[in-house]
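These are the residues of each chain, in order.
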Amino acid sequence: MQNRETTDVSPLRVGVDIGGTFTDISVLDASGIVAIGKVLTTHGNPADGVVSSLAQVLAAHSLDPARVEWLVHGTTLVTNALIERRGARTALLTTEGFRDVVEMGREHRYDLYDLDIEMPVPLVPRNLRIGVPERTLASGAVAVPLDEDFLVRAVQELAAAGVEAVAICFLHSHVNPEHEQRARRLVEETAPGMRVALSSDINPEVREYERFSTTLANVYVQGVVEDYLAELAAGLTRIGVQDAPMIMLSNGGVTAIEVAQRFPIRMLESGPAGGALGAIAFGREAGDADLLAFDMGGTTAKLCMIEDGRPLLAHTFEVGRSHKLKPGSGLPVRAPVIDMIEIGAGGGSIARVNSLGLITVGPDSAGSEPGPVCYGQGGTQVTVTDADLVLGLLDPASFLGGRMPLDREAAVSAVRTQIAEPLGVSVDEAAWGIHATVNANMADAARVHAIERGREVDRLPVFVSGGNGPLHGPGVAQALGSPSFLAPPAAGVLSTLGFLSAPPSIDVVRSRFAVVRPGIETTAEAAFRELEDEARALLLASGVPGAQVHCERSADMRFAGQGAEVEVPLAEGADPTAEVLEEAFRRVYTQRFGEVAPHGVGIEVLNWRVRASGPEPDQPLRFEGANGDEAGQAAASAPVPAGAAEPATTEAGTPTGAGPDASGPLIGHRSVCLGPEAGRREVPVYARLRLPEGFETQGPALIEETESTLFVPPGAHCRMGADQTVRVTFAAAAGTAGTGTAGTDTAATAAAGTSTAEEEA
């Protein structure tokens, strides 16, 4: 934890993010950041961990919990519950003859040549999937009435079998939900304690497999989420926080607990969304509307494209993939999510030598329990953090502000025995091989992510965040050919700052097939009006007055005969006429696929969408006092390495205006391995919170704060901006140095054997 105490009595805003390794906390007042904290995640009781950690952070800075008026919480609870199958005993009631839809899926093999392929296992076993006599046609007309007696008997049998939750997913219920609604009433009358979810409520879209899977996932985790959020709210009340927490959603908005409990599936990727939102907020201040947001924590790394100050969104997500980069290997869930790619590359990712004599990293992680070898908590396998410590990129005495000293000797020993000796290379070469490999994995994933969306990444600045983002982001940026990268203050807890920049928002969708032709505006306007009313009601439940709600419209469109759609945003205030829809569709289609759009082929709309949001918070996301004075006071208690050297005056890494003052930004020098060619050098180390606005230096350099360390590669230029964001610009030849895969000579690469793990190839 770090920062100064404050006597200001303005209300406090708190962001809390539970990650796989660390739980991050930030506390802000009207002036900016007043306290931040990073603690190891307590997996056994996460709610208690959040409450106790927040209490410690507030107490350490003499902050009264009663001042907290806005608390936003993001978590991977839903994702973990689905992956670990820790949800309720759930049943499926569906149209007779369709109970195997969730097992047949799309009848698509995600790997044609894998004879031992593992297909996604449904959340509900076959004996708990019941076909009910009823049938609604695609037009909404009822062909077979609902057999109520059969349904009641089925529910009685399910209740006797210990079923706690049921998903009701009838054919074409997104067009006519009457049978599903009647079935819910019968279930509630027959088994009052059983949770019920309707596909027409959770995901009213075409395509049964995705709709059924989403509805099952929602009700499967609902009990877990309700219990967790209730326990969290009670715990916060116990320590003196008076207002109920708001919950981060995967679409980048926040909502009230009641809405989150109704639609827990929308929390699926709530934690990772914070990093993208933080990138948008800081990018806006820095004048960079287009960015590649890169967040690297202890367990995973996430990459997201930011265009015109907004993240790309997706409406389908897969949970529990057996192969990280193979679509179809996980359970499909349809919920609005910030479109990002996630790979198993974090500080805790395990490194090993494979059967070909190559270094591979991840996707498995040591997490927080037992953690990397250097944590001294029982971990035995070499991780990325161990390699970074060996290279000198991390200071063993000041990790987490000195509260968690690292065992460098243990890390050196582990790297030597597990990597260096099997490969016949030095310890530094082995550690560099691990470092370069994980950077290459992430750069490759970024390229694939961009290409699949018709974008280019080499022109985009990279925005780095997460506990390991500022350390590895430079290598990723160099490998991608990016011109520069940006590192915000408190990068190690940036997701929590992103939470506090997010407005209340909700996305709603409805399938209503329509052909784009004159007169479609009547159908379109009716669909949009219905969705806007629904969205406003949900935001009202989150405390947003109707007059402050802003709605954005879009439609999922395709050419006639196609089996996939693209989302087409509509300009604000535009009438949804045939001409407007076609022009917007062709523009998006060309951007995605190039000049290949056919002419003379009909255009169709499959889904209508509305995104409703409240006002954006007016919240500074920086330490108060960006001139280095107050920020320096905030870090005054940060440990300074013994024997800190005086600033040099002529060599690379010399700060502009630095002097011998012990309270200045330069706190010492450290021996750092910069790669096989450059070898080890004494690199200047600066305290991040002591850097004044306008501070400049040349790489190589290290800039430390409690939660993260920023590496400035050799030859790169670094400057502190007015918003406390550090911008690092690469020299023309920067692609041949630093921590990217370039800069590792051919001999060293062959010796260290860097390669991508099979799961991330």
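Structure: above.
Computed from a predicted structure; not experimentally measured.

Describing the sheet that holds strand β4 (residues 68-75)
Item 1. The strand order across the open sheet built from six strands is β3-β2-β1-β4-β11-β12, with neighbouring strands paired in mixed fashion. The sheet is open, and its two edges are formed by β3 (32-40) and β12 (254-256), each paired on a single side. With strand direction ignored, the average angle separating the axes of adjacent strands in the sheet is 20 degrees.
Item 2. The sheet contact formed by strand β11 (residues 246-248) and β12 spans three bridges and is antiparallel. When the bridges of β12 are listed, M248 appears paired with V254.

As for the side chain of D111
Item 1. Structurally, D111 is set in the loop between α3 (101-104) and β6 (129-132).
Item 2. Engagement of the side chain of D111 in a polar contact is seen with the backbone nitrogen of Y113, the distance being 3.1 Å.
Item 3. Beyond its immediate stretch of four places on either side in the chain, D111 contacts I117 and K326.

Notes on the sheet that holds strand β28 (residues 603-613)
Item 1. On the basis of which strands lie adjacent, the open sheet formed by four strands has the order β25-β28-β26-β27 and antiparallel pairing. For this open sheet the edge positions go to β25 (505-515) and β27 (566-569), each flanked by a neighbour on one side alone. This sheet shows a mean twist of 25 degrees between the axes of neighbouring strands, independent of strand direction.
Item 2. Pairing analysis gives nine bridges linking β25 to β28, with the strands arranged antiparallel. Its bridge partner being in β28, S505 is matched across the sheet by S613.
Item 3. Sitting on the sheet, helix α15 (residues 520-541) touches β25, β26 (550-559) and β28, and the angle it makes with β25 is about 160 degrees.
Item 4. Across the sheet, helix α16 (residues 578-593) lies against β26, β27 and β28, angled at about 125 degrees from β27, the strand it touches most.

Here we look at the packing of aromatic side chains
The description of an aromatic ring pair uses the distance of the two centres, along with the angle that the planes make with each other.
Item 1. One pass over the full model with this rule turns up eight aromatic pairs.
Item 2. Ring centres of F485 and F730 lie 5.8 Å apart, and the angle between their planes is 40 degrees; this geometry places the pair in the tilted category. With F485 in strand β24 (residues 484-487) and F730 in the loop between β35 (726-729) and α18 (746-752), this pair connects stretches of sequence that are 245 residues apart.
Item 3. Here a set of aromatic residues connected by ring pairs shows up, and it is made of F559, F585, Y589 and F593.
Item 4. Between the NZ or CZ atom of R266 and the centre of the ring of F263, over which it lies, the distance is 5.2 Å.

Focus: the nonpolar core
Note on soluble globular proteins: their nonpolar side chains tend to be buried together.
Item 1. Among the nonpolar cores identified, the biggest contains 113 residues, and V27, L82, L93, L151, V187, M557 and W608 are the most heavily contacted of them.
Item 2. When residues of this core are assigned to their parent elements, the largest contribution, 13 residues, is made by helix α7 (residues 208-239).
Item 3. Ignoring any residue separated from it by four or fewer positions in sequence, one finds L93 in contact with I130, V132, L151, V155, L158, V166, A167, I168, C169, F170 and V187.
Item 4. With 83 residues, the next largest nonpolar core counts V390, A450, A477 and L702 among its residues.

Things to note about the packing of helix α10 (residues 384-391) against helix α12 (residues 427-452)
Item 1. Two numbers describe how α10 lies on α12: the axes approach to 9 Å, and their chain directions differ by 130 degrees. On the basis of the axis angle, α10 is oblique to α12. Viewed along their axes, α10 and α12 form a crossing whose handedness is left-handed. Counted together, V384, A387, D388, V390 and L391 of α10 and V427, D428, A431, W432, I434, H435 and V438 of α12 form the full contact between these two elements.
Item 2. Tallied by class, residues from the contact of α10 with α12 come to nine nonpolar, one polar and two charged.

A closer look at the layout of surface pockets
Item 1. Of the voids in this model, the second largest pocket is the one considered here, and its volume is about 730 Å³.
Item 2. Along its surface, the second largest pocket is lined by 32 residues, and I280, A281, R284, S501 and E616 are the ones closest to its centre.
Item 3. Mapped by element, the contributors of at least two residues to the lining of the second largest pocket are α9 (270-286), β15 (310-311), β26 and β28.
Item 4. At six residues, the largest contribution of residues to the lining of the second largest pocket is made by α9.

Considerations on the environment of R670
Item 1. Within the secondary structure, R670 sits in strand β29 (residues 666-673).
Item 2. It is 9.4 Å that separates the C-alpha atoms of R670 and A701, two residues lying 31 residues apart in sequence.
Item 3. Dropping the residues within four chain positions of it, R670 is found in contact with G392, L393, L394, D395, R681, E682, V683, V685, L702 and E704.
Item 4. A polar side-chain atom of R670 sits 2.9 Å from a polar atom in the side chain of E704.

A closer look at α10
An α-helix turns once per 3.6 residues; consequently, residues spaced three or four apart project the same way.
Item 1. Among the eight residues in α10, eight count as buried, and that is most of the element.
Item 2. Listed as buried for α10 are V384, T385, D386, A387, D388, L389, V390 and L391.

A look at the packing of helix α1 (residues 46-60) against α7
Item 1. The contact between α1 and α7 brings their axes to 9 Å, and the two run at 25 degrees. Taken together, α1 and α7 sit at an angle that is classed as roughly parallel. Handedness of the α1/α7 crossing: right-handed. Listed contacts from α7 to P46, A47, D48, V50, V51, L54 and A55 of α1 are Y228, E231, L232, G235, L236, R238 and I239.

Some points on the environment of F294
Item 1. With respect to the helices and strands, F294 occurs in strand β13 (residues 291-296).
Item 2. By relative accessible area, F294 is classed as buried at 1%.
Item 3. The sequence separation of F294 and P470 amounts to 176 residues, and the corresponding C-alpha distance is 9.2 Å.
Item 4. What F294 contacts, discounting residues up to four positions off in sequence, is A301, K302, L303, M442, V462, F463, V464, S465, G469, H472, G473 and V476.

Digging into the pairing of β28
Item 1. For β28, the tally of buried residues reaches eleven of eleven residues, placing the bulk of the element in the interior.
Item 2. Relative to β28, β26 runs antiparallel, the two sharing ten bridges. Its bridge partner being in β28, C551 is matched across the sheet by A612.

Focus on the pattern of salt bridges
Item 1. Throughout the structure, instances matching the rule amount to 30 salt bridges.
Item 2. D100 serves as the salt-bridge partner of R129, at 3.1 Å between the closest nitrogen and oxygen. Here R129, found in strand β6, pairs with D100, found in the loop between β5 (90-95) and α3; they are 29 residues apart in sequence, far enough to count as distant.
Item 3. Using a relative accessible area of 1% as the deciding quantity, one classes R129 as buried.
Item 4. Residue classification places D100 among the partly exposed positions, given a relative accessible area of 21%.
Item 5. One salt bridge in this structure joins R211 and E208, with 4.0 Å as the shortest N-O distance. With R211 and E208 both in helix α7, this residue pair falls three residues apart, about one helical turn.
Item 6. The partly exposed category is assigned to E208, whose relative accessible area is 22%.
Item 7. Salt bridges linked by common partners bring D100, E103, R126 and R129 together as one network.

Structural notes on unusual backbone geometry
Item 1. In this structure, the amide linkage connecting G699 to the following residue, P700, adopts the cis form with an omega of 10 degrees.
Item 2. Counting through the fold element by element, P700 comes out in the loop between β31 (696-698) and β32 (701-705).
Item 3. Of note in this structure, R207 is not a glycine but carries a positive phi near 80 degrees.
Item 4. The residue R207 is located in the loop between α6 (199-202) and α7 in this model.
Item 5. On the accessibility criterion, R207 (23% relative accessible area) is partly exposed.

Reading the values: rules and limits
- Residues numbered from 1 in each chain as written.
- Predicted model: local features only at pLDDT ≥ 70, side-chain atom pairs only at ≥ 80, totals over all residues.
- Heavy atoms only, no water.
- Pairing = 2+ DSSP bridges.
- Helix = DSSP H or I, 4+ residues; strand = E, 2+ residues; numbered from the N terminus.
- Axes fitted to C-alpha atoms, helices over the stretch in contact; angles between N-to-C directions.
- Polar contact = N/O pair within 3.5 Å; in protein donor to acceptor, adjacent residues only side chain to side chain.
- Contact = heavy atoms within 4.5 Å.
- Phe/Tyr/Trp six-rings, centres within 6.5 Å; stacked < 30°, edge-to-face > 60°.
- Lys NZ or Arg CZ within 6 Å of the ring centre and 35° of its normal.
- Core = buried A, V, L, I, M, F, W, Y, C linked by side-chain atoms within 4.5 Å.
- Buried < 20%, exposed > 50% of the residue type's maximum accessible area, 1.4 Å probe, protein only.
- Parallel < 35°, antiparallel > 145°, perpendicular 65-115°, else oblique.
- Left-handed = near helix turned anticlockwise from the far one by under 90°.
- Nonpolar A, V, L, I, M, F, W, Y, C, P; charged D, E, K, R; others polar.
- 1 Å grid on protein atoms, 1.4 Å probe; cavity = no way out; pocket = protein on both sides within 12 Å on 5 of 7 lines; lining within 4 Å.
- Points joined across faces, edges and corners; volume = space filled by probe spheres on them.
- Salt bridge = Lys/Arg side-chain N within 4 Å of Asp/Glu carboxyl O.

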